[in-house]
Amino acid sequence: MHQFTIGIEEEYQIIDVESRDLISHVSKIIEGGKAVLSENLKHEMHESMIEMETGICQNIQEAQAELTNLRRHLINTAHEQGLRVSGGGTHPFSNWEHNTITNGERYNKIVDDMGDVARGNLIFGLHVHIGIPNREEGVRIQNVMRYFLPHVYALSVNSPFWIGRSTGFKSYRQEIFVKFPRTGIPSYFNSLAEFDSYVDLLVKTGTIDNAKKIWWDLRVHPFYPTIEFRICDMPLRIEETVCLAAIMQSLVAKIYKLHQQNLSFRSYRRLLLNENKWRASKDGIHSKLIDFGKEESVPYPDLLKELLEFIDDVVDELGCRKEVEYAWKILENGTGADRQLAIYKETGDLKKVVDYMISETEYGITHGETASQ
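The following refers to the structure shown. Each residue is numbered by its place in its chain's sequence as written, counting from 1. Whole-chain, interface and lining totals are the exception, using all residues; otherwise, since this is a predicted model, local features are given only for residues with pLDDT of at least 70 and side-chain atom pairs are given and counted only at 80 or more. Excluded from the side-chain calculation are hydrogens and water; included are all heavy atoms of the structure.

1. Remarks on unusual backbone geometry
Apart from glycine, the bulk of residues carry a negative phi angle, and the bulk of peptide bonds sit in the trans form. Residue Arg20 is not a glycine yet carries a positive backbone phi of 65°. Strands are runs of DSSP state E lasting at least two residues, helices are runs of H or I lasting at least four, and both sets are numbered from the N terminus onward. Relative to the elements of secondary structure, Arg20 occurs in the loop between strand S1 (6–16) and helix H1 (26–32). Exposure classes here rest on a 1.4 Å probe applied to the protein chains alone. A residue is buried below 20% of its type maximum, exposed above 50%, and partly exposed in between. On the basis of relative accessibility, which here comes to 8%, the residue Arg20 falls in the buried class.

2. A word on helix H3 (residues 60–80)
Under the convention used throughout, the expected extent of a helix is 1.5 Å for every residue step, that is, one less than its residue count. Between its first and last C-alpha atoms H3 spans 30 Å; for 21 residues at 1.5 Å apiece the expected length is 30 Å, and the two agree. Those residues of H3 that sit buried are Ile60, Ala63, Leu67, Thr68, Leu70, Arg71, Leu74, Ile75, Thr77, Ala78 and His79. Its side-chain oxygen at 3.2 Å from the backbone nitrogen of Gln61, Asn59 defines the N-terminal cap of H3. Backbone geometry just downstream of H3 places Gly82 in the positive-phi region, at approximately 70°. Any pair of N or O atoms that falls within 3.5 Å is considered a polar contact. Within protein, one atom must be able to donate a hydrogen and the other to accept it, and sequence-neighbouring residues count only if both atoms are side-chain atoms.

3. Re the packing of aromatic side chains
Centres within 6.5 Å are what make two rings of Phe, Tyr or Trp a pair, Trp counting through its six-membered ring; a difference in plane orientation under 30 degrees is then read as stacked, over 60 as edge-to-face, and the rest as tilted. Counting across every chain of the model gives 20 aromatic pairs. With 5.2 Å between their ring centres and 75° between their planes, Phe189 and Phe195 make a pair best called edge-to-face. As far as burial versus exposure is concerned, Phe189 and Phe195 are alike and both buried. Aromatic rings pair up to connect Tyr147, Phe148, Phe265, Tyr268, Phe292 and Phe310 into one cluster. Our definition puts a charge over a ring when NZ of Lys or CZ of Arg is within 6 Å of the ring centre and also within 35 degrees of the ring normal. When the ring centre of Tyr363 is taken as reference, the NZ or CZ atom of Arg237 above it lies at 3.5 Å.

4. With respect to the packing of helix H15 (residues 336–347) against helix H16 (residues 350–361)
Between H15 and H16, whose axes approach to 9 Å, the crossing angle comes to 140°. It follows that H15 is oblique to H16 by the angle criterion. Seen along the crossing, H15 lies across H16 with a hand that is right-handed. Contact residues: Arg339, Gln340, Ile343, Tyr344 and Thr347 in H15; Leu350, Lys352, Val353, Tyr356, Met357 and Glu360 in H16. For helices, the fitted axis covers only the stretch in contact; all axes are lines through C-alpha atoms, and the angles between them, taken along N-to-C directions, range from 0 to 180 degrees. Here the angle decides the label: under 35 degrees means roughly parallel, over 145 means roughly antiparallel, 65 to 115 means roughly perpendicular, and every other value means oblique. Left-handed is the label given to a crossing in which the near helix is rotated counterclockwise from the far helix by less than a right angle, and right-handed is the label when the rotation is clockwise. The contact criterion used is simple: two residues touch if any of their non-hydrogen atoms lie within 4.5 Å.

5. Examining the environment of Lys288
If you trace the backbone, Lys288 turns up in strand S12 (residues 288–291). In this structure the C-alpha to C-alpha distance between Lys288 and Leu303, which are 15 residues apart in sequence, comes to 8.9 Å. Residues within four places of Lys288 in sequence aside, it is in contact with Arg279, Ser297, Val298, Pro299 and Tyr300.

What follows is the structure in structure tokens.
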């Protein structure tokens, strides 16, 4: 069986202890964490964001152990600098106009190209890489996987607020990111050659300088032998990140297994898939998604059950049954968005929402008084 390795990238919010607003202090954390985390921390476009990434993990337990270790160091480093870090796809009340852009050639070029669309892109995502046998197979997996993106995304929704407003969405992050070009669910490609010629055309015409400027919800990575999921909001608890990664790994393994048996999966047009993505964005696990085969709207828990049954024959081979089944816990406890909204309903105070986000990000990682300070 092909080794479906896992690599995880998480984008954290850097938060001021007093105001609970975002603060542009990424360099303080990178500097402070240099001794332990130098390989794993990266600047992002805004200085109030820090990206943390694992190495290549052989299985989900290794990924969880590394993530936990990295997150502990990141949280401790932030505390030492008098800062906090948090998950969440958006900050509840911070205004992008007050957040500094990281000074670097790559980010300066993006801002030159896109102006306020880039400056306003103050959002935090979870990116998961799953190892694939080759790029040709990667394109085939990408074609099928598009169908499942809204199902996975609904579990991750974690951005109900934007600039101090309750948006009416469980994931407003995607509504912000859609302003960027080359985002969303990818088109169907008949072959790797067709995919490559699309990329080549964009490069040749000066539209992009490399394939990393294709920001789809799912992409065969231009430089690594992986397929990269980019649709999910940044979760709060580490168990949520691990659950999402385990489901993604299982889906890739299952689709590959079907291809090996010469079995295919019906393909649906992006126009239809986008309807499900919109529903997931709006209501998360409380949505009804369209079952295109039956041509009817189905409550999300029923679809999750079907999804877990679909991957059931690979989860034990991958050793990730427990991690995959945490999805039921998310249904029981609510997504990050559901829990943020519950705190706001109870307190009417967005700072209290931020307090909650910080404590959930530190949940099970730090102990004693630091978790809620």
